[in-house]
Amino acid sequence: MNHATDDKHRCYNSQLKPFYHGKTSRYTSPSSGKCKHLAVQSVNPSLTSDWTECAVHSNAPASTKLAGLLTRLIFNPTGETFLWLFIWLCYIILLWVPSRQPVFTHYYKPYLMRFVGQLWTARSPREYSLRAQAAGEDDGHVQRVTHALYPRFLVVYDENRRDWTRVDAEAVVRRKPYVAVTYCYADMMNSGSTEELIEWVRNATLDQGFNAYWLDLECLFEDPVQKAQDLYRMSDVYRLASFTLIILSDESAWPAWGARVWTLPEALLSRELRYLAGNSAVTPISLIQIASLAYSHHNEESHIINSYALGKDPLERLERNLQLKEAIWRRQSSSSQLTSQEGSSQGRYRAEKVYMLMGFFEHRILPNAEETELQALARLFMANDNDRIIDRMISMFPRDRGGRNQWYTKEDEYGAKLWDIKPAVQVIGITSNGSLVLDGCRAAAIRWKNFPSVAYATRRTIRRILAHALPYVASVLLIIGGIVVLAFSLILLIFAPVLTTYAHSGRVVLAQPWLIRVKGVISAQEASDRLYGYQIGDSRRTLYTPLGSPLARPTESDSQFREGHISQYNEALAAPPFDPIEGHMFTLVDTISCMIYYFRAHRPPTVCLFAGSEGGQGRFVLASEECSSSELRRETVLRMPSYISAYMHTCDWVALGHLRHQFSVSIKVCETVLLC
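Since the structure is predicted, the reported quantities are computational estimates derived from the model, not experimental observations. (Residues numbered from 1 in each chain as written. Predicted model: local features only at pLDDT ≥ 70, side-chain atom pairs only at ≥ 80, totals over all residues. Heavy atoms only, no water.)

*Asks:* How should I be thinking about the overall build of the protein chain in this particular structure?
*Replies:* Along the protein chain, the regular secondary structure elements total 24 helices and 30 strands. Here the protein chain, with 676 residues, has 53% of them falling under the buried criterion. Of the contacts formed within the protein chain by residues at least 6 apart in sequence, a portion of 67% connects residues at least 24 apart. Carbon and sulfur atoms form 54% of the exposed surface of the protein chain, whose accessible area is close to 31,100 Å². (Helix = DSSP H or I, 4+ residues; strand = E, 2+ residues; numbered from the N terminus. Buried < 20%, exposed > 50% of the residue type's maximum accessible area, 1.4 Å probe, protein only. Contact = heavy atoms within 4.5 Å. Areas by Shrake-Rupley, 256 points an atom, 1.4 Å probe, with all protein chains shown as cover.)

Rendered as structure tokens:
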């Protein structure tokens, strides 16, 4: 690369040809597939955006636009007669000037780009994976292993030598009954030392009639490869133990033990539970008792215990796993299993909670110290595809748009649960940036630069056919007719704009598929005028969405029809044009469903992806493009009619991620509030 391109971004098209450009927002042209500079039509154009902004304008036929303008002037005269005559003359001339008419097409404009990078991790073992190659792992083998593992080490009491030794012989470890030990590291260190803890464990093990135990301080190692193997089989340590012994400094230490990340698998996967508090005797304890003593969210976690361990509350597997996830994520990421013996957290895994959660799934993943929580969750959910958890989460729209956990959220803006969503895509991998790679997407390009000339059809009647033909007949008569005919033709030509407007009026029964965006807020009537021109009559050609966006408002008792209320337009118009967390205000117009939507986004979405359906509506992800990585960034999720997905082309792989700069914006806002 030469110096002229050092300060430019480099992107690749679908044929892997490099292209250099500036740092402005870009989009993929739906006609050529090339990366182009983004031009956005805006109600109030700004000169400081990362994209070019221009005034809202329409590409509808000029004669139709002038006819509408003249008709409004006839019915609402302003006294500017000379202006009217000038526009009228232009209209008459344009009637006879050949113009390119729009052609009906069955599909929206296609999205022609695809993800061209390497997968960091892949669903299929046949796909090349950067992570697996770097770690030398065989994902196919890992996914085939379920719950057939056992501890790698045990501490066993030798009767002859009267001493405890660490044993790693497979023949001994696989057949030896043992006690699994759990404790809170901070609690035990405040009341003693590791040597005292080990002495307590050994005495309690012998007291209960056993001569072998598993304790992380003695059975886990700091070597990353060995630690990953131990974490992989951690759930089996507790599942195969004769019982699990909970060590507490005293009875008041229950909350500290219950706040740990690993407390749920230790309790739920164990055959039996006993505890030792201080100098008291070892005592059996039930899961229900533990929930009341140790868990701060007693009601939620009693529900998990009843459904998972006791089988009293039948829950679907998907709902149960999601409840487990939420319970784990409420806990602190500090546990002795992932901390060095000196108490240092330098070797802690960033995805520790995911490795805890995987003990409840059929297939597990080998831990990786370098991966993020998001990447680990994606790997876990791809390995366990029965419930299609990760595929469903693509359609979720998080209520907290400033949060860090943008994919894996249970709080959907539209109030849906994960099991309500029927996914229409499959996640087949994840990129190094944390974006999810999707297959089977239906996608459409979004038009920003103007309102296009749209091919549409209205209900044709004899009156509209005559109204359309009369201006042309009057023009011919003006040339070839006599005085009487001349006067008649002049009268017709004066009212020709009204006739043309009437000919194009009426209910739109069929329209060419288009998705059009505007930065700012426009009304449904203005959108109709921009698309189809001014009309005579009260036919509503564009409607407000009832529940399609977070800003949508449905009509209630004041209407017998399911439709959107005009109050959403007034609220969107009164709202600030920019919000630090949610971004700018935008308007979307869809010509197939004849709906208008208001939403917020940080960057103009240029691609619409059909991700799934829920509650009788489709879930459509609106995304902006990041051409340097050939990835998309999710801006918002809308609920639009599912049938419009049939008008979208199926596209190649796309990589979909959340906006990276949302987090920095949230932090800046918090800092500003604190300073104030």
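*Asks:* Is there a simple way to think about a positive patch on the surface in this case?
*Replies:* A cluster of basic residues, Lys17, Lys34, Lys36 and Lys449, forms a positive patch on the protein surface. Within the element layout of this structure, Lys17 appears in the loop between strand E1 (9-12) and strand E2 (18-21). Judged by its relative accessible area of 58%, Lys17 falls in the exposed class. (Patch = residues over 30% accessible without salt bridge, like charges linked within 9 Å, V, L, I, M, F, W, Y side chains within 5 Å. Salt bridge = Lys/Arg side-chain N within 4 Å of Asp/Glu carboxyl O. Lys, Arg positive; Asp, Glu negative; His and termini not counted. Charge placed at Lys NZ, Arg CZ, Asp CG, Glu CD.)

*Asks:* Would you take a moment to explain the sheet that holds strand E14 (residues 283-284) for this structure?
*Replies:* Across a sheet, strands are paired by hydrogen bonds formed along the backbone, either parallel or antiparallel in direction. Ordered by their spatial adjacency, seven strands build an open sheet running E9-E8-E11-E10-E12-E13-E14, and the pairing between neighbours is mixed. Of all strands in the sheet, those bounded by a partner on one side alone are strand E9 (163-167) and E14. Two strands pair when backbone bridges link them, and strand E13 (residues 273-277) and E14 are joined in this way by two bridges, in the antiparallel orientation. From the neighbouring strand, Arg274 faces E14, where its bridge partner is Pro284. (Pairing = 2+ DSSP bridges.)

*Asks:* Even after reading the chapter, I still don't get the nonpolar core, so can you show me in this structure?
*Replies:* Side chains of nonpolar character tend, in soluble globular proteins, to be buried together. Counting 140 residues, the largest nonpolar core has Trp214, Ile247, Trp254, Ile290, Tyr295, Leu357 and Leu438 as its most contacted members. The element contributing the most residues to this core is helix H17 (residues 373-383), with eight residues. Not counting residues within four places of it along the chain, the set of residues in contact with Ile290 comprises Ile246, Trp254, Trp257, Leu273, Ile285 and Tyr295. By size, the runner-up hydrophobic cluster in this structure holds 22 residues, among which are Val56, Val508, Trp514 and Val589. (Core = buried A, V, L, I, M, F, W, Y, C linked by side-chain atoms within 4.5 Å.)

*Asks:* Help me understand the packing of helix H1 (residues 62-75) against helix H21 (residues 496-503), please; the structure alone is not making it clear to me.
*Replies:* The relative placement of two packed helices comes down to the angle between their axes together with the axis-to-axis distance. Between H1 and H21, whose axes approach to 8 Å, the crossing angle comes to 115 degrees. In the crossing of H1 with H21, the sense of the turn from one axis to the other is left-handed. Where H1 abuts H21, its residues Ala67, Gly68, Leu70, Thr71, Ile74 and Phe75 lie against Pro497, Val498, Thr500 and Thr501. A class-by-class count of the residues in the contact of H1 with H21 yields six nonpolar, four polar and no charged. (Axes fitted to C-alpha atoms, helices over the stretch in contact; angles between N-to-C directions. Left-handed = near helix turned anticlockwise from the far one by under 90°. Nonpolar A, V, L, I, M, F, W, Y, C, P; charged D, E, K, R; others polar.)

*Asks:* Just to check I follow, could you spell out the pattern of salt bridges for this structure?
*Replies:* Between side chains of opposite charge, a pair can form when the charged atoms approach closely. All chains considered together, the criterion is met by 22 salt bridges. A salt bridge links Arg239 to Asp236; the nearest nitrogen and oxygen atoms lie 2.9 Å apart. Of this pair, Arg239 and Asp236 both sit in helix H10 (residues 234-240), three residues apart, which is roughly one turn of the helix. Each member of the pair Arg239 and Asp236 is classed as buried. Glu631 serves as the salt-bridge partner of Arg633, at 2.8 Å between the closest nitrogen and oxygen. For Arg633, a relative accessible area of 2% puts it in the buried group.

*Asks:* Can you walk me through a nonpolar patch on the surface in this structure?
*Replies:* Taken together, the side chains of Trp96, Val476, Leu478, Ile479, Ile480, Leu486 and Leu490 make up a nonpolar region of the molecular surface, amounting to roughly 680 Å² of accessible area. Among the elements of the structure, helix H19 (462-480) and helix H20 (483-494) are those that each provide at least two residues to the nonpolar patch. Among the elements that take part in the nonpolar patch, H19 stands out by supplying four residues, more than any other. Secondary-structure assignment places Leu486 in helix H20.

*Asks:* Explanation requested: the side chain of Thr182 in the structure shown.
*Replies:* Counting through the fold element by element, Thr182 comes out in strand E10 (residues 179-183). What makes Thr182 buried here is its relative accessible area of 1%. A polar side-chain atom of Thr182 sits 3.4 Å from a polar atom in the side chain of Arg260. Beyond its immediate chain neighbours, meaning those up to four positions away, Thr182 contacts Tyr238, Thr244, Leu245, Ile246, Ile247, Trp257, Arg260 and Glu266. (Polar contact = N/O pair within 3.5 Å; in protein donor to acceptor, adjacent residues only side chain to side chain.)

*Asks:* Hey, could you run me through H19 in this one?
*Replies:* Helical periodicity: at 3.6 residues per turn, an α-helix aligns residues three or four positions apart in one direction. In this model, H19 (19 residues) spans 26 Å end to end at C-alpha, consistent with the 27 Å of a helix rising 1.5 Å per residue. Roughly 35 degrees is the biggest bend found in H19, and it falls at Leu470, with proline Pro471 one to four residues downstream. Turning to H19, its buried residues number three or more, namely Arg464, Ala467, Pro471, Ala474 and Ser475. (Expected span 1.5 Å × (residues − 1). Bend = angle between axes of the 7 residues up to and from the residue.)

*Asks:* So what exactly am I meant to see when it comes to the packing of aromatic side chains here?
*Replies:* Centre distance and the angle of the planes are the two values used to describe a pair of aromatic rings. If you walk through the whole model with that rule in mind, you get 18 aromatic pairs. Taken together, the ring pairs connect Tyr157, Trp164 and Tyr213 into an aromatic cluster. When the ring centre of Tyr232 is taken as origin, the NZ or CZ atom of Arg364, which lies over that ring, is 5.7 Å away. Cation over ring: Arg464 sits above Tyr502, and NZ or CZ is 5.4 Å from the ring centre. (Phe/Tyr/Trp six-rings, centres within 6.5 Å; stacked < 30°, edge-to-face > 60°. Lys NZ or Arg CZ within 6 Å of the ring centre and 35° of its normal.)

*Asks:* Explain helix H7 (residues 194-207) here, please?
*Replies:* Here H7 is 14 residues long and its end C-alpha atoms lie 20 Å apart, about the 20 Å a rise of 1.5 Å per residue gives. Burial in H7 covers these residues: Thr194, Leu197, Ile198, Val201, Arg202, Ala204 and Thr205. Backbone geometry just downstream of H7 places Gly209 in the positive-phi region, at approximately 85 degrees.

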